[in-house]
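# An overview of the molecular structure
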Amino acid sequence: MLSDRAKRIKPSPTLAMDAKAKAMKTAGFDIVNFGVGEPDFDTPENIKEAAIRAMREGFTKYTPVGGIDSLKDAIIEKFKKDNNLNYTREEIIVSCGAKHSLYNIAQALYNPGDEVLIPSPYWVSYPDQVMLNDAVPVFIKTDESESFMVKADAVEAHITKRTKAIILNSPSNPTGLTYDRKTLEEIAEVVLRHGLFIISDEVYEKLTYDGVNHISIASLDNELKSRTIIVNGLSKSYAMTGWRIGFAAGPKEIIKTMTNIQSQSTSNPNSIAQKAAVEALTGPQDFINIMLSEFDKRRKFLIKELNAITGLSCLTPTGAFYAFPNTSQFYGKVIGNRNIESSSDLALYLLEEAKVGLVHGGAFGDDNYIRLSYATSIEEIKKGVDRIRDALLKLK
Ligand SMILES: *Cc1c(COP(=O)(O)O)cnc(C)c1O
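### Let's talk about the site of the ligand
Surveying the vicinity of the ligand reveals 13 residues, the closest of which are Ala 98, Asp 201, Tyr 204, Ser 235 and Lys 236. Between Asp 201 and the ligand, the recorded distance is 2.6 Å, taken from a side-chain N or O atom to a nitrogen atom. Protein chains bury 94% of the 390 Å² of accessible surface belonging to the ligand in isolation.

Pasting the structure below:
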């Protein structure tokens, strides 16, 4: 009955895990949830007020498919100010979230059998979006010892005649690591020589720590800019996950095609949310630093606590709001008649026995890890880590 295409994909595992933890909470369990992929902060008041104003003023009709001019202009200013990149309105599209922009790109670029390089661990939706568009995800395993950054020679080794694009994500979900300039330059050289496209997911751009700065690969040189589609959005930087506003910037022809695709699927993103997005990008920006300094405190606390657990090790993330500890030392252990053989066994054990929700690394393509989001209070983090330590100690 169903299409072959539809049969290839699975529901988002991060949303599924979050749903399971929330269901246990509703059932009365005291759950510490490290599974969430969104800031625990409320959307700033000035942004909400802009939305209320938009409604009062009757800004409640269809807008241009690819977004209103005032929002495109605010996005253009953002790229100029933050990334030293110059775009025109024809090179910008506003979508219903960054995920939707990524999906439009997949529809606009891939033919059946095209190969798309995806460094692993990866964000959960990349492979499924590629497969939904009849293309083939090709994974390039990265290593913890290299801060989970894909290296140029590994990229080169995976290129075939069918390779169309590579998807980069920095700062990364799930690893929390951020690419440095030298690594990006080396990747860029290979990508240009082989005429690939780069899809650069930069949604965590503004969430970096320890003086590390996000570098957009498109800003390295002009030829590279013509091969890159940048995806970004407001969900993570402005605590606006529910508003569904994301955007992409890239070559005119690709953006125009994405806009045509959008015109036949969702039409414009929500008109009220677009007005709120203009306020987010052009209004006061102090909210980001307030949120960031809180995330930073939690990050330092969580990483220290995780590394103090015997058998667990965790790199210090430099971006986003995730910790990605290595849990492979616990595989092969048992408790009662429960065997822990994989990250999903471990995640299920921690949820059911320790009442801690998190996402198994297998969901991101690497079974040796689990992902913890620290978008939750220090008190909850402390309680959760204590529970994890006790539960891991019981494994024999
Ligand atoms: C959250 C997230 C997105 C999607 O963001 P939306 O704008 O809410 O669709 C895209 N990429 C990564 C890596 C994310 O973590």
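That was the structure; now back to the text.
### Regarding the pairing of strand β3 (residues 115–120)
With six of six residues buried, β3 lies mostly within the body of the structure. Residues Glu 115, Leu 117 and Pro 119 point to one face of β3 and Val 116, Ile 118 and Ser 120 to the other, with burial holding for every one of them. Where β3 and strand β4 (residues 136–141) come together, six bridges link them in parallel fashion. Directly across from Val 116, in β4, lies its bridge partner Pro 137.

### What to know about the sheet that holds strand β8 (residues 246–249)
The pairing of strands in a sheet comes from backbone hydrogen bonds and takes either a parallel or an antiparallel form. The strand order across the open sheet built from seven strands is β2-β8-β7-β6-β5-β3-β4, with neighbouring strands paired in mixed fashion. Bordering the open sheet on either side are β2 (92–95) and β4, each of which pairs with just one other strand. Adjacent strand axes in the sheet meet at a mean angle of 20 degrees, parallel and antiparallel pairs treated alike. Along the sheet, helix α5 (residues 98–109) contacts β2, β5 (163–169), β6 (197–201), β7 (228–233) and β8; its crossing angle with β7, the most-contacted strand, is approximately 155 degrees.

### Quick look at the packing of aromatic side chains
Summed over all chains, the structure comprises 15 aromatic pairs. Centre to centre, the rings of Trp 123 and Tyr 126 are 5.5 Å apart; their planes meet at 70 degrees, and the pair counts as edge-to-face. For Tyr 126, a relative accessible area of 3% translates into the label buried. Pairing Tyr 204 with Phe 321 gives two aromatic rings, centres 5.5 Å apart and planes at 85 degrees, and the pair type is edge-to-face. Taken as a pair, Tyr 204 in the loop between β6 and α9 (222–225) and Phe 321 in the loop between α12 (286–307) and β9 (322–323) lie far apart in primary sequence, 117 residues in all. Taking the relative accessible area as the measure of exposure, Phe 321 reaches 0% and is therefore buried. Through successive ring pairs, a cluster of aromatic residues spans Phe 41, Tyr 204, Phe 287, Phe 295, Phe 321, Tyr 322 and Tyr 374. Between Lys 225 and the ring centre of Tyr 87, over which it is positioned, the NZ or CZ distance is 4.6 Å. The residue whose ring lies beneath Arg 227 is Phe 197, and the NZ or CZ to ring-centre distance is 4.1 Å.

### What about the side chain of Asn 133?
Looking at where Asn 133 falls in the secondary structure, it is placed in the loop between α6 (125–132) and β4. The exposure class assigned to Asn 133 is buried, which follows from its relative accessible area of 9%. Polar side-chain contacts of Asn 133 include one of 2.9 Å to the backbone oxygen of Gln 129. Once residues lying within four places of it in the same chain are set aside, the contact partners of Asn 133 are Tyr 103, Ala 106, Gln 107 and Tyr 110.

### Structural notes on the packing of helix α2 (residues 13–26) against helix α13 (residues 343–354)
Remark: α2 packs on α13, axes separated minimally by 11 Å, with the N-to-C direction vectors making an angle of 15 degrees. Comparing their axes, α13 and α2 come out roughly parallel. At the point where α2 passes α13, the crossing takes the right-handed sense. Here α2 contributes Met 17, Lys 20, Ala 21 and Met 24 to the contact with α13, which in turn contributes Ala 347, Leu 348, Leu 351 and Glu 352. Its residues placed into classes, the contact of α2 with α13 shows six nonpolar, no polar and two charged.

### Here's the deal with the domain arrangement of the chain
Domain boundaries assigned for the chain yield domain 1 (4–42 + 287–393) and domain 2 (45–282). On a C-alpha basis, the centroid separation for the pair domain 1 and domain 2 is 26 Å. Domain 1 puts 38 residues into the contact, and the matching count from domain 2 is 35 residues. Summed over both sides, the interface between domain 1 and domain 2 buries roughly 3,300 Å², with carbon and sulfur atoms accounting for 58% of that surface. Sorting the residues of domain 1 by area buried against domain 2 places Leu 315, Thr 318 and Phe 364 first, and these three jointly supply 19% of that buried surface. One can count five salt bridges joining domain 1 with domain 2. In this structure, Lys 141 and Asp 366 form a salt bridge, with 2.8 Å as the shortest nitrogen-oxygen distance. The tally of links from domain 1 across to domain 2 stands at 19 residue pairs in polar contact (both at pLDDT 80 or more). Of all the secondary-structure elements, those providing two or more residues to the side of domain 1 that touches domain 2 are α2 and α12. Per element, the largest residue contribution to the side of domain 1 that touches domain 2 is seven residues, and it comes from α12. The class makeup of the residues in the side of domain 1 that touches domain 2 is 20 nonpolar, nine polar and nine charged.

So, how was this worked out
Residues numbered from 1 in each chain as written. Predicted model: local features only at pLDDT ≥ 70, side-chain atom pairs only at ≥ 80, totals over all residues. Heavy atoms only, no water. Near = heavy atom within 4 Å. Polar contact = N/O pair within 3.5 Å; in protein donor to acceptor, adjacent residues only side chain to side chain. Areas by Shrake-Rupley, 256 points an atom, 1.4 Å probe, with all protein chains shown as cover. Buried < 20%, exposed > 50% of the residue type's maximum accessible area, 1.4 Å probe, protein only. Helix = DSSP H or I, 4+ residues; strand = E, 2+ residues; numbered from the N terminus. Pairing = 2+ DSSP bridges. Axes fitted to C-alpha atoms, helices over the stretch in contact; angles between N-to-C directions. Contact = heavy atoms within 4.5 Å. Phe/Tyr/Trp six-rings, centres within 6.5 Å; stacked < 30°, edge-to-face > 60°. Lys NZ or Arg CZ within 6 Å of the ring centre and 35° of its normal. Parallel < 35°, antiparallel > 145°, perpendicular 65-115°, else oblique. Left-handed = near helix turned anticlockwise from the far one by under 90°. Nonpolar A, V, L, I, M, F, W, Y, C, P; charged D, E, K, R; others polar. Domains from an automatic or database assignment. Buried area = accessible area lost by both parts, 1.4 Å probe. Salt bridge = Lys/Arg side-chain N within 4 Å of Asp/Glu carboxyl O.

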